[in-house]
Amino acid sequence: MKLLSQNYGKSRVRVLKVLKDGATHTIKELSVRVALQGDFDASYTAADNALVVPTDTVKNTINVLAHDHLGSDTEPFARCLATHFLGRYAQVHQVRVEIEERLWDRLPINGAPHPHSFSQANRVRPFVHLTQDADSSLITSGVRDLIVLKSTASGFADYPKCEFTTLPETTDRIFATAIEASWQWSAEPASYTAANAGLITAMLKPFAENYSPSVQATIWEMGQAALTACPQFAQITLALPN
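Residues numbered from 1 in each chain as written. Predicted model: local features only at pLDDT ≥ 70, side-chain atom pairs only at ≥ 80, totals over all residues. Heavy atoms only, no water.

## Considering unusual backbone geometry
Even without being glycine, asparagine 110 reaches a positive phi, approximately 55 degrees. If you trace the backbone, asparagine 110 turns up in the loop between strand 4 (105-109) and strand 5 (112-119). Residue asparagine 110 is classed as exposed on the basis of its relative accessible area, which comes to 79%. For aspartate 145, which is not a glycine, the phi torsion comes out positive at approximately 60 degrees. Structurally, the position occupied by aspartate 145 is in strand 7 (residues 137-150). (Helix = DSSP H or I, 4+ residues; strand = E, 2+ residues; numbered from the N terminus. Buried < 20%, exposed > 50% of the residue type's maximum accessible area, 1.4 Å probe, protein only.)

Spelled out as structure tokens, the structure:
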């Protein structure tokens with residue numbers, strides 16, 4: 001029997017860091033997964049742990065590096081993790097980092113955002129995926145559960161029909177979906193947070209303003225708008241369950 005591929009690591013490492021700017025605080029809460037690929041075949045085939053980095057060490061490393069290096073942007077932290085494991089352990093050839101963020105909104109108190117009290121009204125979950133080895137690094141950012149709805153300016157007509165078709169044609173319907181979107185970077189921006197926000201704003205503009213003859217047509221318009229407005233992205237992937 002031959003071992004074709006292998007990787008291992010630690011997932012669901014919870015990180016919460018308070019970023020302080022005087023009396024104003026920002027909450028950064030992440031769930032981190034790190035997977036290592038390299039010279040670990042013997043741990044599977046010969047019960048030899050001599051080169052295996054303990055997953056507890058992986059977890060502790062994530063927390064220590066978060067304490068020292070995590071800021072408002074998640075993408076540089078993902079790269080920091082990958083660079084650490086590649087540089088510290090010669091047996092590691094490739095590192096995959098997946099990070100999902102939970103967003104906290106400031107509580108409105110007396111008509112103003114409170115500097116250090118928060119709630120979780122927003123379900124959207126930003127994420128970062130990074131794959132890095134000695135020669136290359138590919139980083140992808142995105143969001144899940146970006147829930148949007150338009151109560152009109154959407155329809156669906158002129159589709160093929162058969163004896164099993166019961167859906168009536170319409171030019172006025174509700175369009176509601178939970179967007180999952182990811183985008184690959186072609187250049188490093190001055191601020192990942194600002195660039196990500198700019199892409200989401202550009203992507204949602206045609207959803208809100210354009211008449212939607214189908215989900216497919218709207219996906220195409222959203223992708224076009226995002227890439228036109230944000231040239232630092234190489235490609236975008238969109239999923240809009242109807």
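## A few points about the sheet that holds strand 7
Pairing in this open sheet of seven strands is antiparallel, and the strands run 1-2-3-6-7-8-9 from one edge to the other. Edge strands, defined here as strands with exactly one partner in the open sheet, are strand 1 (8-21) and strand 9 (233-239). Neighbour to neighbour, the strand axes of the sheet diverge by 20 degrees on average, direction disregarded. Relative to strand 3 (residues 92-102), strand 2 (residues 24-38) runs antiparallel, the two sharing 10 bridges. Looking across to strand 3, one finds that arginine 33 is bridged to glutamate 98. Lying over the sheet, helix 3 (residues 75-88) contacts strand 2, strand 3, strand 6 (125-133), strand 7 and strand 8 (175-185), oriented at roughly 155 degrees with respect to strand 3. Together, strand 8 and strand 9 form the strand contacts of helix 5 (residues 215-229), whose direction differs from that of strand 9 by roughly 155 degrees. (Pairing = 2+ DSSP bridges. Axes fitted to C-alpha atoms, helices over the stretch in contact; angles between N-to-C directions. Contact = heavy atoms within 4.5 Å.)

## Details of the packing of aromatic side chains
Under the criterion given, the structure shown has seven aromatic pairs. Ring geometry for tyrosine 8 and phenylalanine 40: centres 5.0 Å apart, planes at 85 degrees, overall edge-to-face. Placement of the pair is tyrosine 8 in strand 1 and phenylalanine 40 in the loop between strand 2 and helix 1 (41-45), with a sequence separation of 32 residues. Considered together, tyrosine 8 and phenylalanine 40 belong to a single accessibility category, that of buried residues. Both rings, one in tryptophan 185 and one in tyrosine 192, keep their centres 4.7 Å apart while their planes meet at 75 degrees; by these two values the pair is edge-to-face. What makes tyrosine 192 buried here is its relative accessible area of 3%. Counting every residue linked through ring pairs, the aromatic cluster contains Trp183, Trp185, Tyr192 and Phe233. Looking at arginine 144, its charged tip hangs above the ring of phenylalanine 127, at a distance of 4.1 Å from the centre. (Phe/Tyr/Trp six-rings, centres within 6.5 Å; stacked < 30°, edge-to-face > 60°. Lys NZ or Arg CZ within 6 Å of the ring centre and 35° of its normal.)

## Side note on the packing of helix 2 (residues 55-69) against helix 3
Relative orientation of the contacting elements helix 2 and helix 3 amounts to 130 degrees, with a least axis distance of 10 Å. Comparing their axes, helix 3 and helix 2 come out oblique. Of the two elements, helix 2 crosses helix 3, and the hand of that crossing is right-handed. For the pair helix 2 and helix 3, contact is made by Val58, Thr61, Ile62, Leu65, Ala66 and His69 and by Phe77, Cys80, Leu81, His84 and Phe85, respectively. Tallied by class, residues from the contact of helix 2 with helix 3 come to eight nonpolar, three polar and no charged. (Parallel < 35°, antiparallel > 145°, perpendicular 65-115°, else oblique. Left-handed = near helix turned anticlockwise from the far one by under 90°. Nonpolar A, V, L, I, M, F, W, Y, C, P; charged D, E, K, R; others polar.)

## Some words on the pattern of salt bridges
In total, this model carries 12 salt bridges according to the counting rule given. Among the ionic pairs, arginine 33 bridges to glutamate 98, the shortest N-O distance being 3.5 Å. Here glutamate 98 lies in strand 3 and arginine 33 lies in strand 2, a separation of 65 residues in the sequence. Judged by its relative accessible area of 27%, arginine 33 falls in the partly exposed class. Judged by its relative accessible area of 30%, glutamate 98 falls in the partly exposed class. (Salt bridge = Lys/Arg side-chain N within 4 Å of Asp/Glu carboxyl O.)

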